[in-house]
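Results of the structural survey
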Amino acid sequence: MNKNLMIPITVIVIIIISVIISIFGSENMYKLDNKYEKYLDVELDSVTLIIKNGSEFKAESDYENVIIKKENNKLLIREKKSLIMNKMRKFVYVYIPEDIILDYASIQMNGGLVKIENLNANKLEIETESGSVKIDNLIVNNDCEIESARGKIDIEKSIINNLELDIINGSANINSLLTGKNEIDLTSGIINLNLIGDDYKFNTDEVSGTIKINNEREIVNNNGNTIIEIENVSGSVNVLTNR
């Protein structure tokens, strides 16, 4: 065989094997001790992340480029870079018992989808570049930070304390109860806040965009205990409270 052909053939064989592995995958899983390990640290590129209740605290994936491991009492989930474009949708599942309150959860996504159901955490941080985040029945006791560059955020039926929401160019829809001191920043796009209750005090600052509180540009009945500071550069912020 021509020696000049051996290297290209070898490369082709490696690519074919990688594609086969990528298509059929190899599931990896890690279980944690429910009593002691309550930290979740996730960094993914384009994999779909699903967090929901389960009988034990564990994570699993059908994608071989996802690494799941324990490090310093944390459940770490990472996605390795791949040179091969894989069009098949890949998943990471995180199961958390209903009676577990996470001390800290950090989620960083480049793209893809984050779907969270029934999560209770003392502190939550979510950062996404262009993906979508869908949350139902979230409880955050201390602090919550959510940043989206050009994605979409949807939060339903949740209770969030000290929310810091930063939308650079995208959208957010929040139908929930906010408590504590909250900061809402919008550079471009739209934010809709459909808030439970009316115990809110609003402080607003707009450059060229619009901020409406209960369909009014001027704030009335602004004597609540929960503070919401809104800064809008060029988008639209609409707030409704259950009066």
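Residues numbered from 1 in each chain as written. Predicted model: local features only at pLDDT ≥ 70, side-chain atom pairs only at ≥ 80, totals over all residues. Heavy atoms only, no water.

**What about the side chain of asparagine 65?**
Heads up, the condition is: A helix here means a DSSP run of H or I that spans at least four residues, while a strand means a run of E at least two residues long, and both kinds are numbered starting from the N terminus. Under the rule applied, a polar contact is a pair of N or O atoms within 3.5 Å (in protein, one hydrogen donor and one hydrogen acceptor; residues adjacent in sequence only if both atoms are side-chain atoms).
Inspection of the secondary structure puts asparagine 65 in the loop between β4 (58-61) and β5 (66-71). In terms of polar contacts, asparagine 65 uses its side chain to reach the side chain of tyrosine 63, at 3.1 Å.

**Quick word on a negative patch on the surface**
Short version of the rule: A residue counts toward a patch only above 30% relative accessible area and without a salt bridge, and it is joined to like-charged neighbours within 9 Å or, for Val, Leu, Ile, Met, Phe, Trp and Tyr, to nonpolar neighbours within 5 Å. What sets the accessible areas is the Shrake-Rupley method with a 1.4 Å probe; for residues, cover comes only from the shown protein chains. For this document, the term salt bridge refers to a Lys or Arg side-chain nitrogen within 4 Å of an Asp or Glu carboxyl oxygen. Charge counting treats Lys and Arg as positive and Asp and Glu as negative, with His and both chain ends excluded. To locate a charge, the coordinates of NZ of Lys, CZ of Arg, CG of Asp or CD of Glu are taken. We call a residue buried when its accessible area falls under 20% of the maximum for its residue type, exposed when it is over 50%, and partly exposed in between, using a 1.4 Å probe and counting protein chains only.
A surface patch of like charges, here negative, comprises Asp143, Glu145, Glu164 and Glu183. The partly exposed category is assigned to glutamate 183, whose relative accessible area is 31%.

**As for the environment of serine 130**
Test applied: Two residues qualify as a contact provided that any one of their heavy atoms is within 4.5 Å of a heavy atom in the partner residue.
Locating serine 130 in the fold gives a position in the loop between β9 (113-128) and β10 (132-148). Along the sequence, serine 130 and alanine 149 sit 19 residues apart, while their C-alpha atoms lie 6.3 Å from each other. With near-sequence residues (within four places) excluded, serine 130 lies in contact with Asn110, Gly111, Arg150 and Gly151.

**Regarding the pairing of β9**
We count it as follows: Note: two strands are recorded as paired if DSSP finds a minimum of 2 bridges between them.
As judged from the three bridges shared by strand β3 (residues 48-53) and β9, these two strands associate in the parallel manner. Pairing of leucine 49 across the sheet is with valine 114, part of β9. In this structure, strand β8 (residues 104-109) lies alongside β9, joined through five bridges in parallel fashion. Within β9, the residue paired with serine 106 across the bridge is glutamate 125. Where β9 lies against β10, 14 bridges are found, and the strand directions are parallel. Each residue of the ladder has a partner; that of leucine 119, found in β10, is leucine 138.

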